[in-house]
Amino acid sequence: MTQDAPAEPCPVGTDDEPGRRRARRERERFPNSPHRPGGSRNAVFWISVSLIVVLLALAGLRPAQMSAAADAAMHWVTATSGWSLLVIPLGLIGLLLVLACTRFGRIRLGPDDSRPEYPTHAWIAMLLGAVMGIGMITYGVAEPVSHLVDPPHDLAEPGSQDAVVDALRFTFLDWGLHAWAVFATFGLAIGYSTHRLGNKGLVSPILRPLIGRHADGAAGKAVDVLVILSTLFGTTTSLGLGAAQISQGLSQITGLDLTTTGVQILVIALITVLFTASAMSGVGRGIRYLSQATMVIAAALLLFVLVTGPTSWLINLFLRSLGGYVGGFVEISLLLPTDGEDLAWMQGWTYFMMAWWISWGAFVGVFLARISRGRTIRQFVLVVLGLPSLIFSAWFTVFGGSAMFMDLERGTSIGQAAAENVNTAFFGLLDQLPLTTLTSVVAVGLVVLYFVTGADSNTYVLSVISSDGRMEPGRPVMCMWGLLTGATAAVLLYAGGLEALQTAVMLSAAPFIFVILALAISLVMLLRRDPLITARPPSAPSLEAPPRRSAGVSLEGSRPRPRTPTGSRNGP
């Protein structure tokens, strides 16, 4: 991809040393040549693997000490900088909407003549199926019904109609635009950098406008290592939740107690084999078909609960809650804790959820970039921000709303059970509906598919980042990351269960939120120098004139087209 032509060199003998330094810094920040992938086993690879092995050894050998230290660190981080987990994603939403609705929205993630690699329906299925499927099962019922029993920030009376609406409003906050703004920012930045600029698929090259040549040095490598650690702990949290859901579902189906940690670790081991094999089969064959299958099954289960549950009540609740969410969006986005009890609630819900999305940001970003070549910025932003947020809102309304209706109108205690163990909530709802055994089997199958698709994508992304941005990483590397992902989830479950997983996510996301902020600033700096933005012909072009084409390479590694001496692309 072309940037503005570098400053003219000063003639020999002149005394313009400041001008030469400025020109050198400009070339360092906006180089004309793309950053190509290096070796598949580099310093980032070995440092990341070593740190993960050390952390796992400490967690396995000293679980109590590690848990106490991590808890203390988490309390300090959330008390001092928890505000950033809400404020920065809110700012990203505004930035993305500005990019989509202005002239920047015309820029494609690739050359100007590139077109999408996947059909729109397959693209949507992949971005939905490979992101946070397990969480939708674990928290689809548990979060809304828990908020009904313990209303957020004490804004309503427990069990009241106001509490019902607030339960969904704050669930939409945790799973809606804020989450997808983080994903979209990463996906847009990485997609622009790789597809249009021709850079390797890493975060560090995107930060070059801010840190210059240091992006290739220790600072850039530290960012990439942090990306790997944050991604690993974010996805292993989902795998731990998935194992707990599978064991809970099997217990309900068989009538046996299969919810022990040993059973959950066995589930992780078996599923690890499946998702590692899927990742090694390739994105096009493995993830694409699994994602489409999970979308079909999830839609069928959603319709079943909507039809057999309180249909009219759910539709009314969805509209009221969505209206309340939109109307009070800024207010609830900036509600920060006022005392220790409020902080503890935020640590269990909003802060944890925002940290979870942040830790998933690079993983989802690389994956979205991989499947979004040829999309315009406008299409990418509006679809990635809007459609998943709306679908997730409908999902939580149907499942969480049905559970709240059961508790309020039929005297069930799904909410009380969820307060003690979130893994019981989803299957507790199914137990109140017809065809309980069949729907429980379907739900377990859905969790398995979500487990495989999420870990499959995670394995691919970790392999790409640790292979210096190679978009077709070697099978041994993918196999290693698949096994290491499963081992991390198992060790954290053994060391402290869900609490240990949540703590690992929040600690890994704390420094990473500021990397996201730097990434957004760098992206804007790069977009402002795009040829479609900087081109100012002497007269307005005719409508029939073909668009100028900008440089770009695919994530598959195709070569960029020759550049003209001025640094701009040849026309089509």
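Residues numbered from 1 in each chain as written. Predicted model: local features only at pLDDT ≥ 70, side-chain atom pairs only at ≥ 80, totals over all residues. Heavy atoms only, no water.

K.L.:
Please provide a residue-by-residue account of the overall build of the protein, values included.
P.N.:
Of regular secondary structure, the protein possesses 22 helices and zero strands. Counting over 572 residues, the protein shows a buried share of 57%. Restricting to contacts in the protein with at least 6 residues of sequence separation, those with at least 24 account for 83%. Surface exposure of the protein reaches about 21900 Å², of which carbon and sulfur atoms provide 63%. (Helix = DSSP H or I, 4+ residues; strand = E, 2+ residues; numbered from the N terminus. Buried < 20%, exposed > 50% of the residue type's maximum accessible area, 1.4 Å probe, protein only. Contact = heavy atoms within 4.5 Å. Areas by Shrake-Rupley, 256 points an atom, 1.4 Å probe, with all protein chains shown as cover.)

K.L.:
How would you explain the side chain of His153 if you had to name every residue and give the values?
P.N.:
Turning to its location among the elements, His153 is positioned in the loop between α6 (133-149) and α7 (161-175). Overall, His153 belongs to the buried group, its relative accessible area being 16%. Side-chain polar atoms of His153 contact the side chain of Asp342, separated by 3.1 Å. (Polar contact = N/O pair within 3.5 Å; in protein donor to acceptor, adjacent residues only side chain to side chain.)

K.L.:
Outline the packing of aromatic side chains, supporting the account with residue identities and numerical values.
P.N.:
Enumeration over the complete set of coordinates arrives at 20 aromatic pairs. Summarising the aromatic geometry, the rings of Tyr139 and Trp175 are spaced 6.2 Å apart at their centres and angled 50° between planes, so their arrangement reads as tilted. With Tyr139 in helix α6 and Trp175 in helix α7, this residue pair connects regions lying 36 residues apart in the sequence. Overall, Trp175 belongs to the buried group, its relative accessible area being 1%. Relative to Phe426, the ring of Phe399 has its centre 5.1 Å away and its plane inclined at 25°; by these criteria the two rings are stacked. (Phe/Tyr/Trp six-rings, centres within 6.5 Å; stacked < 30°, edge-to-face > 60°.)

K.L.:
Explain the packing of helix α13 (residues 311-327) against helix α17 (residues 377-409) to me, and be specific about the residues and the numbers.
P.N.:
In contact at an axis separation of 9 Å, α13 and α17 are set at 125° when each is read in the N-to-C sense. Considered as vectors, α13 and α17 are oriented oblique to each other. Note on packing geometry: the crossing formed by α13 with α17 is right-handed. Contacts between α13 and α17 involve Trp313, Leu314, Leu317, Phe318 and Leu322 from the first element and Leu390, Ser393, Ala394, Thr397, Val398, Gly401, Ser402, Met404 and Phe405 from the second. Here the contact of α13 with α17 is built from residues that sort into 10 nonpolar, four polar and no charged. (Axes fitted to C-alpha atoms, helices over the stretch in contact; angles between N-to-C directions. Parallel < 35°, antiparallel > 145°, perpendicular 65-115°, else oblique. Left-handed = near helix turned anticlockwise from the far one by under 90°. Nonpolar A, V, L, I, M, F, W, Y, C, P; charged D, E, K, R; others polar.)

K.L.:
If you had to explain the confidence of the model for the protein to someone new, which residues and values would you point to?
P.N.:
The predicted model of the protein has a mean per-residue pLDDT of 81, with 83% of residues at 70 or higher. A low-confidence stretch, residues 1-14 (pLDDT under 50), is modelled with 34 contacts involving residues beyond four sequence positions or located in other chains. Across residues 537-572, confidence stays below pLDDT 50; counting only partners more than four residues off in sequence or on other chains, it has 70 contacts. (pLDDT = per-residue confidence, 0-100.)

K.L.:
Residue-level account of unusual backbone geometry, with values.
P.N.:
A positive phi angle, close to 55°, is found at His153, a residue other than glycine. We note that Asp154 has phi near 55°; this positive angle belongs to a residue other than glycine. You can see Asp154 is positioned in the loop between α6 and α7.

K.L.:
I'd love a proper account of a negative patch on the surface, names of residues and values included.
P.N.:
On the surface, a cluster of negative charge is made up of Asp150, Asp154, Glu157, Asp339 and Glu341. Its location among the elements puts Asp339 in the loop between α14 (329-333) and α15 (340-348). A relative accessible area of 42% means that Asp339 is categorised as partly exposed. (Patch = residues over 30% accessible without salt bridge, like charges linked within 9 Å, V, L, I, M, F, W, Y side chains within 5 Å. Salt bridge = Lys/Arg side-chain N within 4 Å of Asp/Glu carboxyl O. Lys, Arg positive; Asp, Glu negative; His and termini not counted. Charge placed at Lys NZ, Arg CZ, Asp CG, Glu CD.)

K.L.:
Got a sec to walk through helix α4 (residues 84-101)? Specific residues and values, please.
P.N.:
For α4, spanning 18 residues, the distance from its first C-alpha to its last is 26 Å, which sits close to the expected 26 Å at 1.5 Å a residue. For α4, the set of buried residues is Ser84, Leu85, Leu86, Ile88, Pro89, Leu90, Leu92, Ile93, Leu96, Leu99 and Ala100. (Expected span 1.5 Å × (residues − 1).)

K.L.:
Can you break down a positive patch on the surface residue by residue, with the values?
P.N.:
A cluster of like positive charges, contributed by Arg103, Arg106, Arg378 and Arg528, occupies part of the molecular surface. The residue Arg378 is located in helix α17 in this model.

K.L.:
So what's going on with a nonpolar patch on the surface? Which residues, and what values?
P.N.:
Taken together, Trp83, Val87, Leu210, Val330, Leu334, Leu336, Phe514, Leu517 and Ile521 make up a surface patch of nonpolar side chains, about 750 Å² in accessible area. Counting residues per element, the nonpolar patch draws most heavily on helix α21 (residues 475-527), at three residues. By secondary structure assignment, the location of Leu210 is in helix α9 (residues 208-211). You can call Leu210 partly exposed: its relative accessible area is 41%.

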